[in-house]
Amino acid sequence: MANSVNEPTLIERGNATCIIGAGPGGLAAARALKSKGLPYDHFERHSDVGGIWDIENPGSPMYESAHFISSRDLSSFLGFPMPAHYADYPSSRQILEYVRSFAEAYGLYENIAFRTSVEGLKKDAAGHWLVQFSDGSIRRYVAVICSTGSQWDPSMPAFQGNFTGQLRHSVSYKSAQEFRGKRVLIVGAGNSGADIACDAASNANKAFISMRRGYYFVPKHMFGVPADVISEKGPHLPMWLARPVFGAILRIFNGDLTRLGLPKPDHRLFDSHPLLNSQLLHHLQHGNIAVKPDISHFDGDAVVFKDGSREYVDLVLCATGYKTTVPFAAEYFTLSGGTRPDLYLSIFSREHRNLFGTGFLETNSAAYKFFDTQAFLVGSYLQAQQRGHASAAVFDQLIQNDRPDLTGGLRMVGSGRHETYVDAHALRAYLTKVRKRIGWADFNQNTYDELRKIVSTARAARLASVSRESMTTLNPA
């Protein structure tokens, strides 16, 4: 890692942890470590916190019309609810504002080095981590938390034939204005693809969406309440009962969607991430967009589909997902037969002690509380190590050997996105079981109250000090 001619100085950081990335996952990790009094350094390559929610960040997949697909009251960090005036499904601008207020409330800004990127990661003979930064410096840490996210390295499909129009991945898409005056084809029907297809339906001269399979459409509101609130607070039915009950509700709300040209799902309800979108159905019902099957090949300015039909389009935008990559640590985050690393509980490296990855989780619930829970578990583990507690060795064995079934009875479709998909209720219950088994503290809405109080008191003291200094300057003795 070091230049043999001009060897950089190695900075020893003792028992400190290096957190890489100041998006929601990295901030959750920082709060957990700070509350436990564990030393850490935090690095972010951009100029502020927010991760993908900052549309100004180069490489962010965010677009102007984006909203959370989980609702306001279920999506917040534990102990830090979103403001009540936010929409049921907050906009990307509100989420960015919320994430930054979170960092401010817990004093996380003060420990972040901005405009500092990580260029390399190596494990030394003692099992510690050497982190090389963009300025050439190297620091040695006892642990590294990679919170660089999983939605920035686009997964672009290979197509047969030659296309003379514009072919792009949705990571480059920002505004519906890009569709004006064009014939547009959106490829992919994940939640982002469905959102972007609605932008195309409202702005393009002609809009199409290509879908490889059918999906179950879940309205964002059911009986006037956000759908995930009903799912979370309603009775938790066994899967054999939940499928027919919820399937019947969807049929009442949506009817037979094949009448709109949508293909019938080739999987059972819940065995793929559902589409939480009502607008796309609206645009299909009004003829603003048409459904096409999978692409066969390109033919000049035409796209030929597998049913033999063709459409002449100006822009093909591929909303086909992302690869989970950690370029500076590729040799340590080994992909397990697909596109995502094999991590215990979606965070702990099985091969390399004290290497963690956040944001590699796919689940059927809001992510931030899981970031919190995982971060608290990491903090408990590192704290047990530094105190020489026997529970650290017990957890080491779990990381190596424990492979729990966290599917909750789901048998997900075979796609990269679903390789590490876990059921929220199953994961939550198992994390609680692990904590109790090892004897680590519980985690709840009040866990970080003391930290927030300390930060608030310190901030008030600083402001009072500045005020006194200002008064002295204006009224010298």
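All of these numbers come straight from a predicted model, not from anything done at the bench. (Residues numbered from 1 in each chain as written. Predicted model: local features only at pLDDT ≥ 70, side-chain atom pairs only at ≥ 80, totals over all residues. Heavy atoms only, no water.)

**Some thoughts on the packing of helix H9 (residues 391-401) against helix H10 (residues 424-438)**
- Interaxial distance between H9 and H10 falls to 10 Å at its minimum, and their mutual angle equals 140 degrees. Judged by the inter-axis angle, H9 sits oblique to H10. Where H9 crosses over H10, the handedness of that crossing is right-handed. Across the interface between the two elements, Ser 391, Val 394, Phe 395 and Leu 398 of H9 pack against Val 434, Arg 437 and Ile 438 of H10. (Axes fitted to C-alpha atoms, helices over the stretch in contact; angles between N-to-C directions. Helix = DSSP H or I, 4+ residues; strand = E, 2+ residues; numbered from the N terminus. Parallel < 35°, antiparallel > 145°, perpendicular 65-115°, else oblique. Left-handed = near helix turned anticlockwise from the far one by under 90°. Contact = heavy atoms within 4.5 Å.)

**What to know about the pattern of salt bridges**
- Overall, the coordinates contain 19 salt bridges when judged by the stated rule.
- As a salt-bridge pair, Arg 139 and Asp 41 come within 3.1 Å of each other at their nearest N and O atoms. With a gap of 98 residues between them, Arg 139 in strand S7 (residues 138-141) and Asp 41 in strand S3 (residues 40-43) connect regions that are remote in the sequence.
- The class of Asp 41 is buried, set by a relative accessible area of 9%.
- By sharing partners, the salt bridges in this structure join Glu 12, Asp 124 and Arg 140 into a single network. (Salt bridge = Lys/Arg side-chain N within 4 Å of Asp/Glu carboxyl O. Buried < 20%, exposed > 50% of the residue type's maximum accessible area, 1.4 Å probe, protein only.)

**A look at the sheet that holds strand S5 (residues 118-123)**
- If you walk across this open sheet you meet the four strands as S1-S7-S6-S5, and the pairing is mixed. At either end of the open sheet lies a strand with only one pairing partner, and these are strand S1 (10-12) and S5. Across the sheet, the axes of successive neighbouring strands diverge by a mean angle of 25 degrees, strand direction being ignored.
- As judged from the four bridges shared by strand S6 (residues 129-133) and S7, these two strands associate in the antiparallel manner. Its bridge partner lying in S7, Leu 130 is registered against Arg 140. (Pairing = 2+ DSSP bridges.)

**Some details on the pairing of S5**
- Judged from the five bridges that link them, S5 and S6 form a sheet pairing that is antiparallel. Residue pairing across strands places Val 118 opposite Phe 133, the latter belonging to S6.
- Hairpin connection from S5 to S6: five residues lie between these consecutive antiparallel strands, with Gly 127 at a positive phi of about 85 degrees.

**Details of the side chain of His 46**
- Mapped onto the elements, His 46 comes out in the loop between S3 and helix H2 (72-75).
- Note on His 46: relative accessible area 14%, which makes it buried.
- Contact partners of His 46, with chain neighbours within four places excluded, come to Asn 57, Pro 58, Phe 114 and Arg 115.

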